[in-house]
Amino acid sequence: LPACRDSKLFIKDLHFDEVPVRIYLPRVPSASKRRGVIFFHGGCGMFGSIRSYERICRYIARKSDSVVASVGYHLSPERKYPAQTLDCLTATVHFLKTAENYGVDPDRIIVCGDSVGGTFTASVCQELVNRKDIPKIRAQVLIYPFLQALNFNLPSHQKNAFIAFLSRERTVHFILKYLKKDCSMKEAILAGSHVPESTNLKYKKWIYPDLIPEIFKLGYKPPLPTSLLPQVHEETKELFETRFSPLLAEDAVVCHLPDTCIITCEHDVLRDDGLLYKKRLEDNNVKVTWHHMEEGFH
């Protein structure tokens, strides 16, 4: 659907190298180049659209006096993973290269996304760390992001296991649907039977309940040990890719990431993904601004 007319914004539907994008440009002329915001919508990689995030993107453009590029990445299952991440990467690179065409300062562009859009934001920023041919992203904003698929028994998974909209069980169900996998593997993944012991030991320094501040662990009970199911592990190897689980990126990548804003919600199974990524970034001397919504839901 085309955008509705806006008295304060010019709105254009474009394609950045075949990826649909809607641009929101403030109508009032600016004495200098504006900031740019690249926005990736949420929806588990299967739902959502430019249109469904129209009001949010208009609001960001108006309130921040920025040029917003909302990316309409192709959805699963019509386009198989990792098409969604690659679309976001393609659109980002295009905008960084052509920012001045839209009156944007290429050195003042941030990337922003909610839920799986936060996943894409983290992934894109990691993938661009070593690119020397394009401007550096100024900052990333992760709004209740999904960042790892190794451990679904963190304190926030337990506390919010049966929360409305995005329960613990539904999270894994959506992951399997997104990857076009057999949903009968859901219980095994919830139990952690898809992760070899060696992998758990390797990533324990980054994904472990003890890394969560005590205030967020009230009532937490360590899960019972589980055995590896090799067939499930073989079928779900995508879960261990940094493109899917950005929290698994090496320090050599994380230490070069841009300034970061992380927003977490108390009543959200994904809360601890954000808390763990916050710690990783801070441990690597990346500047982090953290906002926690005490009454917030995913």
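Predicted model only: the values in this text are computed from it and were never measured.

A. Geometry of the overall build of the protein chain. In terms of helices and strands, the protein chain carries ten helices and eight strands. In terms of overall dimensions, the protein chain is globule-like: its C-alpha atoms have a radius of gyration of 19 Å, near the 19 Å expected for 298 residues. Judged by the C-alpha coordinates and their principal axes, the protein chain covers about 60 × 40 × 40 Å. With 298 residues in all, the protein chain has 56% of them scored as buried. Of the contacts formed within the protein chain by residues at least 6 apart in sequence, a portion of 75% connects residues at least 24 apart. Carbon and sulfur atoms make up 54% of the accessible area of the protein chain, which totals about 14,100 Å². Across the protein chain, the mean location of the 40 positive side-chain charges is 5 Å away from that of the 35 negative side-chain charges.

B. Structural detail: the sheet that holds strand β2 (residues 19–26). The strand order β1-β2-β4-β3-β5-β6-β7-β8 describes an open sheet built from eight strands, whose pairing is mixed. Every other strand in the sheet has two partners, leaving β1 (9–16) and β8 (288–297) as the edge strands with one partner each. Taken pair by pair, the neighbouring strands of this sheet meet at an average axis angle of 20 degrees, ignoring direction. Of the pairings in the sheet, the one linking strand β7 (residues 259–267) to β8 comprises seven bridges and is parallel in character. What sits directly across from Ile-262, in β8, is Trp-290. Packing against the sheet, helix α1 (residues 54–64) makes contact with β1, β2, β3 (34–40) and β4 (67–71), and its axis sits at approximately 40 degrees to β2.

C. Local environment of the pairing of β3. Burial runs high along β3: six of the seven residues are buried. Both β3 and strand β5 (residues 104–114) contribute to a ladder of six bridges, which runs parallel. Its bridge partner being in β5, Ile-38 is matched across the sheet by Val-111. Where β3 and β4 come together, five bridges link them in parallel fashion. Paired with Gly-36 across the strands is Val-67, a residue of β4. For the handedness criterion, the β-α-β arrangement of β3, α1 and β4 is classed as right-handed.

D. Focus on the side chain of Thr-121. Counting through the fold element by element, Thr-121 comes out in helix α3 (residues 116–127). Ignoring sequence-local partners within four residues, the contact set of Thr-121 consists of Phe-40, Val-111, Cys-112, Gly-113, Gln-140, Val-141 and Leu-142.

E. Just the pairing of β4, in detail. Within β4, five of the five residues are buried, leaving the element largely enclosed by the surrounding structure. Burial of the side chains of β4 extends over both faces: Val-67, Ala-69 and Val-71 are buried on one face and Val-68 and Ser-70 on the other. Two elements, β2 and β4, share four bridges in a ladder whose sense is antiparallel. Looking at the pairing, Val-21 lines up with Val-71 of β4.

F. Structural detail: the nonpolar core. By size, the foremost hydrophobic cluster in this structure holds 75 residues, and its most contacted members are Phe-95, Phe-244 and Tyr-277. Broken down by element, the residue count for this core peaks at six residues, all from helix α2 (residues 83–98). Counting 16 residues, the second largest nonpolar core, distinct from the first, contains Leu-9, Val-37, Ala-61 and Cys-265.

G. Looking closely at the side chain of His-298. Mapped onto the secondary structure, His-298 falls in the segment after β8. The exposure class assigned to His-298 is buried, which follows from its relative accessible area of 17%. Within the structure, the side chain of His-298 is placed 2.9 Å from the side chain of Ser-115, a separation counted as a polar contact. There is a polar contact of 3.1 Å between the side chain of His-298 and the side chain of Asp-268. Apart from the residues within four sequence positions on either side, His-298 is in contact with Ser-115, Tyr-144, Phe-165, Leu-166, His-267, Asp-268 and Leu-270.

H. Inspection of helix α5 (residues 168–178) at higher detail. Of the positions making up α5, those classed as buried are Arg-168, Thr-171, Val-172, Phe-174, Ile-175, Leu-176 and Tyr-178. Looking at the packing, one finds that the buried side of α5 touches α2, α3, α4 (155–159) and α6 (186–191). Where α5 terminates, the next one or two residues include Lys-180, which has phi positive at roughly 60 degrees.

I. Quick peek at the pattern of salt bridges. Applying the stated rule across the entire model yields 20 salt bridges. A salt bridge links Arg-280 to Asp-251, with the nearest nitrogen and oxygen atoms 2.5 Å apart. Of this pair, Arg-280 sits in helix α10 (residues 271–283) while Asp-251 is found in helix α9 (residues 251–254), placing the two residues 29 residues apart along the sequence. For Arg-280, a relative accessible area of 3% puts it in the buried group. When its relative accessible area of 33% is taken as the criterion, Asp-251 is described as partly exposed. Between Arg-271 and Asp-272 there is a salt bridge, and its shortest N-O distance comes to 2.8 Å.

Quick notes on the rules
Residues numbered from 1 in each chain as written. Predicted model: local features only at pLDDT ≥ 70, side-chain atom pairs only at ≥ 80, totals over all residues. Heavy atoms only, no water. Helix = DSSP H or I, 4+ residues; strand = E, 2+ residues; numbered from the N terminus. Rg over C-alpha atoms; globule rule 2.2 N^0.38 Å. Buried < 20%, exposed > 50% of the residue type's maximum accessible area, 1.4 Å probe, protein only. Contact = heavy atoms within 4.5 Å. Areas by Shrake-Rupley, 256 points an atom, 1.4 Å probe, with all protein chains shown as cover. Lys, Arg positive; Asp, Glu negative; His and termini not counted. Charge placed at Lys NZ, Arg CZ, Asp CG, Glu CD. Pairing = 2+ DSSP bridges. Axes fitted to C-alpha atoms, helices over the stretch in contact; angles between N-to-C directions. Right-handed = clockwise from strand over helix to strand, strands pointing away. Core = buried A, V, L, I, M, F, W, Y, C linked by side-chain atoms within 4.5 Å. Polar contact = N/O pair within 3.5 Å; in protein donor to acceptor, adjacent residues only side chain to side chain. Salt bridge = Lys/Arg side-chain N within 4 Å of Asp/Glu carboxyl O.

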